[in-house]
2 protein chains.
Amino acid sequence: MDIEVLGLVAGGITSVAMMPQLIKVIKEKNAEDISVVMLLVLITGLSLWVWYGILQNELPIILSNSFSVLVNITLLICCMMFKKKS
Amino acid sequence: MDIEVLGLVAGGITSVAMMPQLIKVIKEKNAEDISVVMLLVLITGLSLWVWYGILQNELPIILSNSFSVLVNITLLICCMMFKKKS
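This one's a predicted model, so the numbers in the text were calculated from it and none came from an experiment.

> I'd like to hear about the overall build of chain A, residue by residue, with values.
Assigned secondary structure in chain A consists of three helices and zero strands. Going residue by residue from the N terminus, the α and β elements of chain A occur as α-α-α. Dimensions along the principal axes, computed over C-alpha positions, put chain A at roughly 50 × 20 × 15 Å. Here chain A holds 86 residues, and the buried ones make up 44% of them. Looking at chain A alone, contacts between residues at least 24 apart form 73% of all its contacts between residues at least 6 apart.

Put into structure tokens, the structure is as follows:
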């Protein structure tokens, strides 16, 4: 199998695996089990992975980590919105 | 900065970001918010990333995703142990 295809499949699967968490938080408007500090650490690490992917010129790494950054920024926004209310 | 060092730092940060979840589940002996299906999907995707890292011969990708596989297998075991009890 082409290595890039393998990377894109891997990235697709790990991206899909994050969705239930995001959907649950948005649906239940409840993010109290999620740590804001953990999200900030994760966003930092994922951004470094995007940087790594750009330097290595590897599309699967850039795409999947950029998507993860977006998902986690959305989770962070949800955390801040829903925690304010409660 | 050396690209491999960047990758190792990125991998280290994203690995550390997973620990609070694992510690919380083990400490509280409660994994009811975690979906077993999601964990299985995630473990599949992460294993493909390890395979990708081996084919590309990139140590940061192999190390960080292998660590993630271990953490998620531990979470899976916790899920099955703690769900049986309740």
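There's plenty left to go through after this.
> Could you give an account of the relation of the copies chain B and chain A, naming the residues involved and the relevant values?
Taken as rigid bodies, chain B and chain A are interconverted by a rotation of 180° and an axial shift of 0.0 Å, the fit giving an RMSD of 0.0 Å. In the structure described here, the two chain copies are related by an operation that fits a two-fold rotation axis. A symmetric contact is evident, with 100% of the interface residues of chain B recurring at the interface of chain A.

> Tell me about the UniProt feature "transmembrane region" (unreviewed entry) in chain A, and name the residues and values.
All names here are of chain A. This chain's UniProt record puts "transmembrane region" (unreviewed entry) on residues 6–23, 35–55 and 61–82. The straight-line gap between the two end C-alpha atoms of residues 35–55 is 30 Å; of that span, 95% is helix and 0% is strand. Taken end to end, residues 61–82 is 100% helix and 0% strand, and its first and last C-alpha atoms sit 31 Å apart.

> With reference to specific residues and values, describe the packing of helix α1 (residues 3–28) of chain A against helix α2 (residues 36–56) of chain B.
One can describe the packing of α1(A) onto α2(B) by two numbers: an axis separation of 8 Å at closest approach and a directional angle of 155°. Between α1(A) and α2(B), the crossing angle belongs to the class labelled roughly antiparallel. Where α1(A) crosses over α2(B), the two elements pack in a sense that is left-handed. Contacts between α1(A) and α2(B) pair I3(A), L6(A), G7(A), V9(A), A10(A), G11(A), I13(A), T14(A), A17(A) and P20(A) from the former with M38(B), V41(B), L42(B), T44(B), G45(B), L46(B), L48(B), W49(B), W51(B), Y52(B), L55(B) and Q56(B) from the latter. By residue class, the composition of the contact of α1(A) with α2(B) is 16 nonpolar, six polar and no charged.

> Let's hear about the side chain of S64(A): which residues, and what values?
Along the polypeptide, S64(A) turns up in helix α3 (residues 59–85). Look at S64(A) and you get buried, because its relative accessible area is 9%. Leave out the neighbours within four places in its chain, and S64(A) touches G11(A), S15(A) and W49(B).

Parameters at a glance
Residues numbered from 1 in each chain as written. Chains lettered and ligands numbered in written order. Predicted model: local features only at pLDDT ≥ 70, side-chain atom pairs only at ≥ 80, totals over all residues. Heavy atoms only, no water. Helix = DSSP H or I, 4+ residues; strand = E, 2+ residues; numbered from the N terminus. Buried < 20%, exposed > 50% of the residue type's maximum accessible area, 1.4 Å probe, protein only. Contact = heavy atoms within 4.5 Å. Least-squares fit on C-alpha atoms with pLDDT ≥ 70 in both. UniProt positions renumbered as here; feature names shortened; annotations may be inferred. Axes fitted to C-alpha atoms, helices over the stretch in contact; angles between N-to-C directions. Parallel < 35°, antiparallel > 145°, perpendicular 65-115°, else oblique. Left-handed = near helix turned anticlockwise from the far one by under 90°. Nonpolar A, V, L, I, M, F, W, Y, C, P; charged D, E, K, R; others polar.

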